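Commentary on secondary and tertiary structure
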Amino acid sequence: MTRLLPMLLILSACSITSGTRHSQERYFLMEVKPVLQQHCLACHNGTLPRPALNLTSKATAFTQSASGRDYILPGDPDCSLLISAVQRGGTHLKMMPRREISLTEDQIGMLREWIEDGAYWPEGQQGTLKPQKSVENP
């Protein structure tokens, strides 16, 4: 019985972790990815010279600006340039997206929450973003 207890604890921890990973992946795919694809990727898709923000993949999104600031700093939305750029009254020089319609408060809050929770971004095809047209912001 005493040998089974550590094994049960390990299995419990693994199931909690995978459930968290699953919910993080779902949140990224259902909430974060559509906003980035519809509102950010028209410009931030790798066509601008480095070190401009490229949101097409995790590898390119989790980089630093020319000034050395992180575009996305997992766990710290206030130090993430992405949040500074999209929030109204932010410290970024030019509010994004540069269109008539900016992100809603809910969308900004969702991005903040995503970064605060660790900014999970899946690898592979699910984590690859492509520009999409938005009904509200064509």
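Residues numbered from 1 in each chain as written. Predicted model: local features only at pLDDT ≥ 70, side-chain atom pairs only at ≥ 80, totals over all residues. Heavy atoms only, no water.

Turning to the overall build of the protein chain, a few remarks are in order. Along its length, the protein chain carries four helices and zero strands. When the helices and strands of the protein chain are placed in sequence order, the string is α-α-α-α. Here the protein chain, with 138 residues, has 33% of them falling under the buried criterion. Taking as baseline every contact in the protein chain between residues at least 6 positions apart, the subset at least 24 positions apart corresponds to 56%. (Helix = DSSP H or I, 4+ residues; strand = E, 2+ residues; numbered from the N terminus. Buried < 20%, exposed > 50% of the residue type's maximum accessible area, 1.4 Å probe, protein only. Contact = heavy atoms within 4.5 Å.)

Averaged over every residue, the pLDDT of the protein chain is 80; the share at 70 or more is 73%. Of all helices and strands in the protein chain, the one with the weakest mean pLDDT is helix α1 (residues 4–39) (71), whereas helix α4 (residues 105–116) scores best (95). This stretch, residues 5–18, has a pLDDT under 50; its non-local contacts, to residues over four places away or in other chains, come to zero contacts. (pLDDT = per-residue confidence, 0-100.)

Now for the nonpolar core. Taken as a class, soluble globular proteins show a tendency for nonpolar side chains to be buried jointly. Ranked by size, the top nonpolar core spans 26 residues in total, and within it L36, L55, I72, L111, W114 and W121 carry the most contacts. Sorting the residues of this core by element identifies α1, α3 (81–86) and α4 as the ones contributing at least two each. For I72, the residues in contact, after removing those within four places along its chain, are L55, A61, F62, S80, L82, W114, I115, A119 and W121. (Core = buried A, V, L, I, M, F, W, Y, C linked by side-chain atoms within 4.5 Å.)

This brings us to α4. An α-helix turns once every 3.6 residues. As a result, residues three or four positions apart point the same way. The end-to-end C-alpha distance of α4 is 16 Å, a good match for the 16 Å that 12 residues give at a rise of 1.5 Å each. Restricting attention to buried positions, one finds in α4 the residues Q107, I108, M110, L111, W114 and I115. Seen along its axis, α4 keeps its buried residues to an arc of 160 degrees; they face one direction. Exposed residues lying more than 90 degrees from the buried face of α4 are E105, D106 and E116. (Expected span 1.5 Å × (residues − 1). Arc of directions from axis to C-beta.)

With that settled, the discussion passes to the side chain of Q37. Among the structural elements, Q37 can be located in helix α1. In this view, Q37 contacts T128, L129, K130, P131 and Q132; residues no more than four positions away in its chain are not counted.

What follows deals with the side chain of S65. Assignment of secondary structure puts S65 in the loop between α2 (58–61) and α3. Polar contacts involving the side chain of S65 include one to the side chain of S67, which spans 2.9 Å. (Polar contact = N/O pair within 3.5 Å; in protein donor to acceptor, adjacent residues only side chain to side chain.)

Time to look at the packing of aromatic side chains. The final tally for this structure, using the stated rule, is four aromatic pairs. Ring geometry for F28 against W114: centres 6.0 Å apart, planes inclined by 40 degrees, an arrangement best described as tilted. Here F28, found in helix α1, pairs with W114, found in helix α4; they are 86 residues apart in sequence, far enough to count as distant. Accessibility classification places F28 together with W114 in one group, the buried group. Between W114 and W121, the aromatic rings sit 6.1 Å apart at their centres with planes inclined by 50 degrees, giving tilted as the arrangement. Taking the relative accessible area as the measure of exposure, W121 reaches 1% and is therefore buried. An aromatic cluster of at least three residues, connected via ring pairs, comprises F28, F62, W114 and W121. (Phe/Tyr/Trp six-rings, centres within 6.5 Å; stacked < 30°, edge-to-face > 60°.)

A few words on the pattern of salt bridges. Summed over the entire model, instances satisfying the criterion amount to two salt bridges. A salt bridge links K58 to E123; the nearest nitrogen and oxygen atoms lie 3.7 Å apart. Of this pair, K58 sits in helix α2 while E123 sits in the segment after α4, and the two are 65 residues apart along the sequence. Here R112 and D78 are joined by a salt bridge, their closest N and O atoms 2.8 Å apart. With R112 in helix α4 and D78 in the loop between α2 and α3, this residue pair connects regions lying 34 residues apart in the sequence. (Salt bridge = Lys/Arg side-chain N within 4 Å of Asp/Glu carboxyl O.)

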